[in-house]
Amino acid sequence: MTDRYAVIGNPIAHSKSPLIHTAFAKQTRQDLHYEAILAPLDGFITRVNDFIRQGGKGMNVTVPFKLEAHQLATTLTERADIAQAVNTLKFENDQILGDNTDGAGLVRDIIVNLNMPVTGKRILLMGAGGAARGVILPLLQQKPALFAIANRTPEKALALQNQFTQYGQINAGSYNQFSGQSFDIIINGTSASLNDALPELPPGIFATGALAYDMMYSADPTRFLKYASQQGAKHLADGIGMLVEQAAESFYLWRSIRPETKDIITHMRSN
Ligand code: NDP
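Within each chain, residue numbers correspond to sequence positions counted from 1 in written order. In keeping with the model being predicted, local features are shown solely for residues with a pLDDT of at least 70 and side-chain atom pairs are shown and tallied solely at 80 or more, while totals for entire chains, interfaces and linings include all residues. Side-chain numbers come from the whole structure's heavy atoms, not from hydrogens or water.

Caption draft 1: Representation of the packing of aromatic side chains in the model. Working definition: a ring pair exists when centres of Phe, Tyr or Trp rings (six-membered ring for Trp) sit within 6.5 Å. Plane angles under 30 degrees give stacked, over 60 give edge-to-face, the rest tilted. With the rule as written, the count across this model stands at eight aromatic pairs. On the numbers, 6.3 Å between centres and 45° between planes, the contact of Tyr-34 with Trp-254 is tilted. Taken as a pair, Tyr-34 in strand β2 (residues 32-38) and Trp-254 in helix α9 (residues 240-255) lie far apart in primary sequence, 220 residues in all. Partly exposed describes any residue whose relative accessible area lies between the buried limit of under 20% and the exposed limit of over 50%, with all areas from a 1.4 Å probe on protein chains only and scaled to the type maximum. Overall, Tyr-34 belongs to the buried group, its relative accessible area being 5%. Relative accessible area serves as the criterion here: at 9%, Trp-254 is assigned to the buried category. Taken together, the aromatic side chains of Tyr-5, Tyr-34 and Trp-254 make up a single cluster linked through ring pairs. The positively charged end of Arg-122 is found above the aromatic ring belonging to Phe-183, 5.6 Å away from the centroid. Stacked on the ring of Tyr-252, the Lys or Arg Arg-258 has its end atom at 4.4 Å from the ring centre. Numbering of helices and strands starts at the N terminus; helices are DSSP runs of H or I of at least 4 residues and strands are runs of E of at least 2. Two conditions define a charge located above a ring, namely a distance within 6 Å from the ring centre to NZ of Lys or CZ of Arg, and an angle within 35 degrees of the ring normal.

Rendered as structure tokens:
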């Protein structure tokens, strides 16, 4: 029988996850069907339980349900537990396993696909929402020289600094607080690009040879990437690589087989 998987979110029509997982299944010859499910804002748990009752094996969870998914899981991987956000659910033996593959996807995209080491680098993470909290631990595990989090609402960045304090040193605050400093890798983990907005980065923030990485992806360069280019960032990347890599990590959790990502990233970029 064909195994069923899905991505659940609101909105969901834009999601590229069905395309990616269908391509993974074809490549690895796995008999599965992957669909997109729109859940009402107050109906996440009902929709997940319906899907489980229908025999569903696993789900990806996207905006705005990652925190609810964290609460719903009966077991958590360590990285999901620490992030307190879940983007992958696996249903097995009446258990709901919650994982967070966003950070592993980002780190793999930067290190393997973009060939940019994180170890020893000065990292600035912009944003303190669901996406940001998922990537902090995997980035800290790479032992950067310096790790900073800037957020429009600085209290949220400071809360993350406290939450992750045992995993490494974090400097957190408002964007202005990092005036006069420069970073080798600047990651835009805010949703500002969705509204063509730009967080107020102080001038000179991009070090020579810097990588500017926007977790968001769109056909045209985001406002952040255009700004980074004007400010002298040498390498620019959007979130397509992270999207495909986090999907590959979810696929591995479900099917114990790791798909090749390179061709699919190239394909997604050209479509
Ligand atoms: P959240 O809503 O949880 O967090 C939004 C964050 O963006 C907050 O830190 C918020 O700051 C900040 N923000 C929003 N607008 C502005 C603005 N105009 N100026 C400055 N800061 C702003 O969203 P998520 O964390 O879930 O998602 C963030 C982005 O990451 C989205 O674009 C999403 O598409 C992308 N993403 C990409 C993935 C991929 O695989 N490529 C995976 C997951 C997410 P404040 O706290 O002050 O409100």
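From this point, the narrative continues.
Caption draft 2: Local environment of the pairing of strand β3 (residues 58-61). Alternating residues of β3 divide into Gly-58 and Asn-60 and Met-59 and Val-61, and every residue in both groups is buried. For two strands to be treated as a pair, DSSP must find at least two bridges joining them. Summarising the sheet, β3 and strand β5 (residues 88-92) pair through three bridges and their orientation is antiparallel. The residue bridging Met-59 from the neighbouring strand is Leu-89, located in β5.

Caption draft 3: Representation of the sheet that holds strand β4 (residues 75-76) in the model. Judged by pairing direction, the sheet is mixed, and its six strands sit side by side in the order β2-β1-β3-β5-β6-β4 without closing on themselves. Single-partner strands in this sheet number two, and they are β2 and β4. Here a residue-residue contact requires only that any non-hydrogen atoms of the pair lie within 4.5 Å. Whenever a helix is involved, its axis is fitted only over the stretch in contact; in every case the axis is a line through C-alpha atoms, and angles between N-to-C directions fall within 0 to 180 degrees. Against the sheet, helix α1 (residues 17-28) contacts β1 (3-9), β2 and β3, and its axis sits at roughly 175° relative to β2. Sheet strands touched by α9: β1, β2, β3, β5 and β6 (95-99). Its angle to β5, the strand with the most contacts, is close to 10°.

Caption draft 4: Layout of the packing of helix α5 (residues 102-113) against α9. The contact between α5 and α9 brings their axes to 7 Å, and the two run at 120°. The orientation of α5 relative to α9 falls into the category oblique. Relative to α9, the crossing made by α5 is right-handed. On the side of α5, the interface is formed by Asp-102, Ala-104, Gly-105, Leu-106, Arg-108, Asp-109 and Asn-113, while α9 contributes Gly-241, Met-242, Glu-245, Gln-246 and Glu-249. Amino acids outside the nonpolar list (Ala, Val, Leu, Ile, Met, Phe, Trp, Tyr, Cys, Pro) and the charged list (Asp, Glu, Lys, Arg) are all regarded as polar, and Gly is one of them. Of the residues assigned to the contact of α5 with α9, the class counts are three nonpolar, four polar and five charged. Comment on the angle field: the value is read as roughly parallel under 35 degrees, roughly antiparallel over 145, roughly perpendicular from 65 to 115, and oblique elsewhere. Less than a right angle of anticlockwise turn of the near helix away from the far helix marks a crossing as left-handed, whereas a clockwise turn marks it as right-handed.

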